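As a plain string of letters, each chain reads:
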Amino acid sequence: MRLKSVIPNIIIVLNIIKLNATDSTNTYLKHLAKETSLPDETVILAERQLAGRGQMGNTWFSQQGLSLTFSAYKEFRGLEVGKQFAVAMEVSLAIAEAMDALGIPEISIKWPNDILADRKKIGGILIENVLEGHFIKYSIIGIGINVNQLSFPHLPQAGSLKLSTDKDFDTEEVFQILVKRIFKGLNRIPDKDFSEIKRRYEERLFLKDQIAIFENTQGKPFNGEIRGVSDRGELLIETEKKQLQSFQFKEVKMIY
Ligand code: BTN
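Residues numbered from 1 in each chain as written. Predicted model: local features only at pLDDT ≥ 70, side-chain atom pairs only at ≥ 80, totals over all residues. Heavy atoms only, no water.

Along its length, the protein chain carries five helices and 13 strands. Its C-alpha radius of gyration of 18 Å places the protein chain within 12% of the 18 Å reference for a compact globule of 256 residues. Oriented by its inertia axes, the alpha-carbon framework of the protein chain measures out at about 55 × 45 × 35 Å. In the protein chain, which comprises 256 residues, the share counted as buried stands at 51%. (Helix = DSSP H or I, 4+ residues; strand = E, 2+ residues; numbered from the N terminus. Rg over C-alpha atoms; globule rule 2.2 N^0.38 Å. Buried < 20%, exposed > 50% of the residue type's maximum accessible area, 1.4 Å probe, protein only.)

In the neighbourhood of the ligand, 20 residues make up the surrounding shell, with Ser 24, Gln 49, Arg 53, Gln 55 and Lys 121 lying closest. At 2.7 Å, a side-chain N or O of Ser 24 approaches an oxygen atom of the ligand. A distance of 2.6 Å is found between an oxygen atom of the ligand and a side-chain nitrogen or oxygen belonging to Lys 121. Coverage of the ligand by the protein amounts to 98% of the 410 Å² it exposes when considered alone. For the shell around the ligand, the secondary structure elements donating two or more residues are α1 (25–35), β4 (67–75), β7 (120–132) and β8 (135–146). Considering each element in turn, the shell around the ligand owes the most residues, four residues, to β7. Looking at side-chain class alone, the shell around the ligand contains five nonpolar, twelve polar and three charged residues. (Near = heavy atom within 4 Å. Polar contact = N/O pair within 3.5 Å; in protein donor to acceptor, adjacent residues only side chain to side chain. Areas by Shrake-Rupley, 256 points an atom, 1.4 Å probe, with all protein chains shown as cover. Nonpolar A, V, L, I, M, F, W, Y, C, P; charged D, E, K, R; others polar.)

Time to look at the confidence of the model for the protein chain. Here the protein chain averages 94 in pLDDT, and 95% of its residues register 70 or above. Segment residues 3–12: pLDDT under 50, and 13 contacts once partners within four positions in sequence are set aside and those in other chains are kept. (pLDDT = per-residue confidence, 0-100. Contact = heavy atoms within 4.5 Å.)

A few words on the packing of aromatic side chains. On inspection of all chains with the given rule, the structure shows seven aromatic pairs. For the ring pair Phe 61 and Phe 152, a centre distance of 6.2 Å and an interplane angle of 70° mean the geometry is edge-to-face. Here Phe 61, found in the loop between β3 (42–49) and β4, pairs with Phe 152, found in the loop between β8 and α3 (161–165); they are 91 residues apart in sequence, far enough to count as distant. On the basis of relative accessibility, which here comes to 31%, the residue Phe 61 falls in the partly exposed class. Residue Phe 152 is classed as buried on the basis of its relative accessible area of 11%. Taking 5.7 Å as the distance between ring centres and 20° as the angle between the ring planes, the aromatic pair formed by Phe 222 and Phe 247 counts as stacked. Within this pair, whereas Phe 222 is found in strand β10 (residues 221–229), its partner Phe 247 is found in strand β12 (residues 244–247), the two being separated by 25 residues in sequence. One aromatic cluster in this structure is built from Phe 214, Phe 222 and Phe 247. (Phe/Tyr/Trp six-rings, centres within 6.5 Å; stacked < 30°, edge-to-face > 60°.)

Working definition: the strands of a sheet are paired by backbone hydrogen bonds and lie parallel or antiparallel to each other. In space, the five strands of this open sheet follow the order β12-β11-β10-β9-β13, with antiparallel pairing throughout. Two strands close off the open sheet at either side, each with one partner strand: β12 and β13 (252–254). In this sheet, adjacent strand axes meet at a mean angle of 50° when their direction is disregarded. (Pairing = 2+ DSSP bridges. Axes fitted to C-alpha atoms, helices over the stretch in contact; angles between N-to-C directions.)

Let us look at the environment of Asn 113. In this structure, Asn 113 sits in the loop between β5 (107–110) and β6 (114–117). Each C-alpha atom of the pair Asn 113 and Phe 76 lies 20 Å from the other, and the pair is 37 residues apart in sequence. Those residues within four positions of Asn 113 in sequence are excluded, and the remaining contacts are Gln 55, Ala 88, Ser 92, Gly 124, Ile 125 and Ile 127. Within the structure, Asn 113 has its side chain in polar contact with the side chain of Gln 55 (distance 2.7 Å).

With that settled, the discussion passes to the pairing of β6. By the alternation rule, side chains of β6 split into Asp 114 and Leu 116 and Ile 115 and Ala 117, which are all buried. Connecting the antiparallel pair β5 and β6 is a turn made up of three residues. Sheet topology note: the β6/β7 ladder contains three bridges and is antiparallel. By the bridge assignment, Ile 115 is partnered in β7 with Gly 123. Two successive antiparallel strands, β6 and β7, enclose a turn made up of two residues, where Asp 118 displays a positive phi of approximately 50°.

In structure tokens:
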């Protein structure tokens, strides 16, 4: 399906492939991108995802008709590998802003890219980059959004748009809003100053400048305050000893 929409003076043409079911839209799109010459900004949307993948090898829970599971293919020119965190930041910001526009209250971004509504996770992002030398050739950006779910077995930290607002949402409408904002955000990357993207991202960072409890790789808890992120996407935490330490994704867990 090709969807055209006119936003003042700009025509956006998107390639959207809708599947009844697949194991993972990321895996599907990854194979498609390898085997064919895909148009930039192709999106795979699945009604049912049978083996949804999350960060750190986790599984992603979704429910047919109640949640959104899709992946977007985005090509880049001249985006250095060292700046790949810009992709995660722009996608997180696009989703956060789409949630604001839909009237979902208390939206924040939990580092690196969980979307929270009133401290509950309503969306997750799994980005897989394909590199060419020192540059990102393209990204497969997988997005899961909990839209109308009311219960999450064994996931006490999960929420949904419906749980946040007591309203039902049209999943198709939420999807259209998200896709447009995501590509708009990604297309801004080459023209935007990296520090400007980082500033906007840090403004929405969950628990920024608040005392919180973290756990290191040895399972040892420590108190600290999130001060921001490094250019490489590491989390910067000021410890009780007033030292600024940087952590990669697998090196720290937020207990809060
Ligand atoms: C996370 O762990 O927070 C990331 C979850 C990402 C889930 C989405 S759903 C669509 C796409 N396909 C997948 O297999 N995963 C991503």
